[in-house]
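One-letter residues, chain by chain:
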Amino acid sequence: MNHPTLTQFVSSLADNAPNALPVAQAQRIVQTFVQPIDGVETVTIWQALGRVLAADVVSPISVPAHDNSAMDGYALQGCDLLPDGPTTLAMVGAALAGRAFEGTVAHGECVRIMTGAVMPVGCDTVVPQELTVQATETAVTVPQGVVRTGDNRRHKGEDLQEGRPALTRGKVLRPADLGLLASLGLGQIQVKRRLRVAFFSTGDELRSLGDTLDAGCVYDSNRYTLFGMLTRLGCELIDMGVVKDDPASLEAALRAACVQADAIITSGGVSVGAADYTKDVMAKLGDVTFWTIGMRPGRPMAFGSIACDGKSAYLFGLPGNPVAVMVTFYFFAREALLRMMGATPQPLPLLRVPSQSPIRKKAGRTEYQRGILSTDSQGNPVVRITGSQGSGVLRSMAEANCMVVLHHMQGSVNVGDLVDVVVFDGLV
Ligand code: AMP
Ligand code: MG
């Protein structure tokens with residue numbers, strides 16, 4: 001999996017964009033170069049949540065398997081209902097959920113029926129019990145005009161039709177899909193194997209939890225945010241700890257990661273001021289390009305693939321700043337990892353919401369501001385940005401419930417202007 005074209009391709013772009021690669025272009029390059037992994041496994045429904053469906057699921061049965069009632073009431077023949085007055089029908093039996101009425105219903109007759117019960121032969125309509133009058137053990141009266149023929153009847157195969165695709169490969173399975181599989185009687189399903197992702201932090205100033213914090217040092221927080229984001233994507237994680245800022249340590253870590261993982265995510269050491277050996281080491285191991293992206297936060301990023309002992313892995317060298325690592329993960333690595341997992345990524349839904357904050361913004365780069373989405377006094381959605389937007393201020397990320405995406409050509413935002421927002425959590 002060597003792509004000499006990645007380096008060549010990106011250097012040809014650099015001539016056109018000497019200062020910074022626009023976000024959309026960088027995203028396209030990443031999405032184009034990654035390939036889905038092979039490897040399928042069979043799991044039970046209980047293990048399938050969040051996994052990527054490896055093959056289309058074709059319905060082995062129709063759901064529902066029979067026409068049935070949508071209401072508790074009385075099943076009847078619509079043509080028996082009188083157009084100009086109440087209709088009294090003789091009750092000849094009952095149809096319960098799971099226990100069908102065995103006979104045939106003739107004209108002038110009806111059957112007591114419960115929700116989900118199979119429609120008795122001869123009946124095409126259900127009148128809800130609360131719309132009837134004078135119901136006794138033997139007869140019921142339906143007032144004029146309360147139902148039309150076909151009302152309150154669910155059709156066979158209305159939910160899923162036998163032989164038709166019910167779920168498409170590449171879908172990341174959600175709770176509804178588990179229920180849908182069960183409704184088809186399928187207890188096991190083929191999913192892609194989990195993507196193995198190795199990750200480590202780089203920096204001599206980083207201290208691990210439990211260490212004393214010497215002057216000028218910080219605790220390594222990126223490995224924990226990466227752990228959270230990768231776990232939510234459903235990856236198998238290989239935590240490689242903190243790696244010192246020296247070429248031998250970096251090379252050893254990258255080699256060890258490459259032989260175990262499908263993808264490697266590092267943080268730190270890729271900015272312009274960082275020691276040049278990062279580039280040398282990464283370039284020595286494979287086909288890696290170093291980008292300055294037209295975005296804030298998170299300008300520097302390395303992307304490519306490396307090889308070691310006949311194994312290869314995609315590499316994302318993310319910036320070190322705690323907010324930048326999250327933003328570059330969400331807007332570059334996330335979709336690429338989903339593609340590697342075999343998923344068909346859906347575009348991130350953007351909401352357009354009025355901003356309560358004025359935001360200064362220069363055209364010519366994409367900005368990701370941390371926002372708080374809420375409702376105003378009239379109940380309409382509004383967004384404001386969290387306080388300090390510095391790329392090292394992780395609190396801004398923890399306080400936020402969304403990202404305000406200010407697009408490449410967009411300028412400053414006035415109060416009340418509509419802005420695009422990506423919400424962090426939907427119904428999880
Ligand atoms: P770098 O990209 O390596 O130049 O790092 C940029 C900034 O991010 C520096 O202030 C680092 O101390 C900080 N930083 C880098 N890695 C981490 C990390 N894993 N956890 C917390 N801060 C970090
Ligand atoms: Mg560093």
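Look up: the structure comes first, before these words.
Since we're looking at a predicted model, the values are computed, not measured.

A. Region of the structure containing the overall build of the protein. Helix and strand counts for the protein come out as eight helices and 25 strands. Computed over its C-alpha atoms, the radius of gyration of the protein comes to 30 Å, more than 25% above the 22 Å expected for a compact globule of 428 residues. Principal axes of the C-alpha set define a box for the protein whose edges measure 90 × 55 × 45 Å. The 428 residues of the protein split such that 45% are buried. A total accessible area of about 20800 Å² is found for the protein, and carbon and sulfur atoms account for 53% of it.

B. How the structure looks around the nonpolar core. In this structure, Ile265, Trp291, Phe316, Phe329 and Leu337 are the most contacted members of the largest nonpolar core, which totals 48 residues. Sort the elements by how many residues they give to this core and helix α7 (residues 322-340) lands first, with twelve residues. Ignoring anything within four residues of it in the chain, the contact list for tryptophan 291 reads Val10, Leu21, Ala26, Ile29, Val30, Arg299, Pro300, Met301 and Phe303. Grouped together as the second largest cluster of nonpolar side chains are 22 residues, Val243, Leu250, Ala261 and Val288 included.

C. Quick peek at the side chain of serine 355. Inspection of the secondary structure assignment puts serine 355 in the loop between β21 (351-354) and β22 (366-375). Look at serine 355 and you get buried, because its relative accessible area is 3%. Polar contacts involving the side chain of serine 355 include one to the main-chain carbonyl oxygen of serine 357, which spans 2.6 Å. If near-sequence neighbours (up to four positions away) are discounted, serine 355 is found in contact with Val383, Val413, Asn414, Val415, Gly416, Asp417 and Val419.

D. Representation of the sheet that holds strand β8 (residues 125-128). One open sheet accounts for five strands, arranged β8-β5-β7-β6-β9; its pairing is mixed. In this open sheet, the two edge strands, each paired with only one partner strand, are β8 and β9 (139-142). Taken over all neighbouring pairs, the strand axes of this sheet differ in orientation by 40 degrees on average, direction set aside. As defined by bridge partners, strand β6 (residues 87-95) adjoins strand β7 (residues 109-113) across four bridges and the pair is classed as parallel. Bridging across to β7, methionine 91 finds its partner in cysteine 110.

E. Fine view of the site of ligand 1. Around ligand 1 sit 14 residues in total, of which Glu205, Asp220, Ser221, Gly269 and Gly320 are the nearest. At 3.4 Å from a nitrogen atom of ligand 1 is found a side-chain nitrogen or oxygen belonging to serine 201. Glutamate 205 has a polar side-chain atom sitting 2.6 Å from an oxygen atom of ligand 1. Protein contact buries 75% of the 480 Å² of open area that ligand 1 shows by itself. The class makeup of the residues in the shell around ligand 1 is three nonpolar, nine polar and two charged.

F. Quick look at empty space enclosed by the protein. Under the definition given, this model contains two cavities of 30 Å³ or more. Space inside the largest cavity adds up to approximately 60 Å³. A per-class count over the lining of the largest cavity returns four nonpolar, two polar and four charged. Considered as a void within the structure, the second largest cavity measures approximately 50 Å³ in volume. Lining the second largest cavity are Thr202, Lys244, Asp245, Leu250, Thr266, Gly268, Gly269, Tyr277, Thr278 and Met282. With three residues, the top contributor of residues to the lining of the second largest cavity is helix α6 (residues 277-285). Residue classes in the lining of the second largest cavity are distributed as three nonpolar, five polar and two charged.

G. Structural view of unusual backbone geometry. With an omega of -5 degrees, the peptide bond between valine 63 and proline 64 qualifies as cis. Turning to its location among the elements, proline 64 is positioned in the loop between β3 (57-58) and β4 (68-69). With omega at -5 degrees, the peptide bond leading from arginine 296 into proline 297 counts as cis. Structurally, the position occupied by proline 297 is in the loop between β18 (286-296) and β19 (300-308). The phi angle at asparagine 152 is positive, at roughly 60 degrees, despite the residue not being glycine. Positionally, asparagine 152 belongs in the loop between β9 and β10 (153-154). A relative accessible area of 24% means that asparagine 152 is categorised as partly exposed. With a phi close to 50 degrees, aspartate 309 is a non-glycine residue in the positive phi region.

H. Layout of the state of the cysteines. Under the counting rule described, the total for this entry stands at zero disulfides. Not engaged in a disulfide, the cysteine cysteine 123 finds its nearest cysteine sulfur in cysteine 110; these two sulfurs lie 8.0 Å apart. When its relative accessible area of 9% is taken as the criterion, cysteine 123 is described as buried.

Rules of the game
Residues numbered from 1 in each chain as written. Chains lettered and ligands numbered in written order. Predicted model: local features only at pLDDT ≥ 70, side-chain atom pairs only at ≥ 80, totals over all residues. Heavy atoms only, no water. Helix = DSSP H or I, 4+ residues; strand = E, 2+ residues; numbered from the N terminus. Rg over C-alpha atoms; globule rule 2.2 N^0.38 Å. Buried < 20%, exposed > 50% of the residue type's maximum accessible area, 1.4 Å probe, protein only. Areas by Shrake-Rupley, 256 points an atom, 1.4 Å probe, with all protein chains shown as cover. Core = buried A, V, L, I, M, F, W, Y, C linked by side-chain atoms within 4.5 Å. Contact = heavy atoms within 4.5 Å. Polar contact = N/O pair within 3.5 Å; in protein donor to acceptor, adjacent residues only side chain to side chain. Pairing = 2+ DSSP bridges. Axes fitted to C-alpha atoms, helices over the stretch in contact; angles between N-to-C directions. Near = heavy atom within 4 Å. Nonpolar A, V, L, I, M, F, W, Y, C, P; charged D, E, K, R; others polar. 1 Å grid on protein atoms, 1.4 Å probe; cavity = no way out; pocket = protein on both sides within 12 Å on 5 of 7 lines; lining within 4 Å. Points joined across faces, edges and corners; volume = space filled by probe spheres on them. Disulfide = S-S within 2.5 Å.

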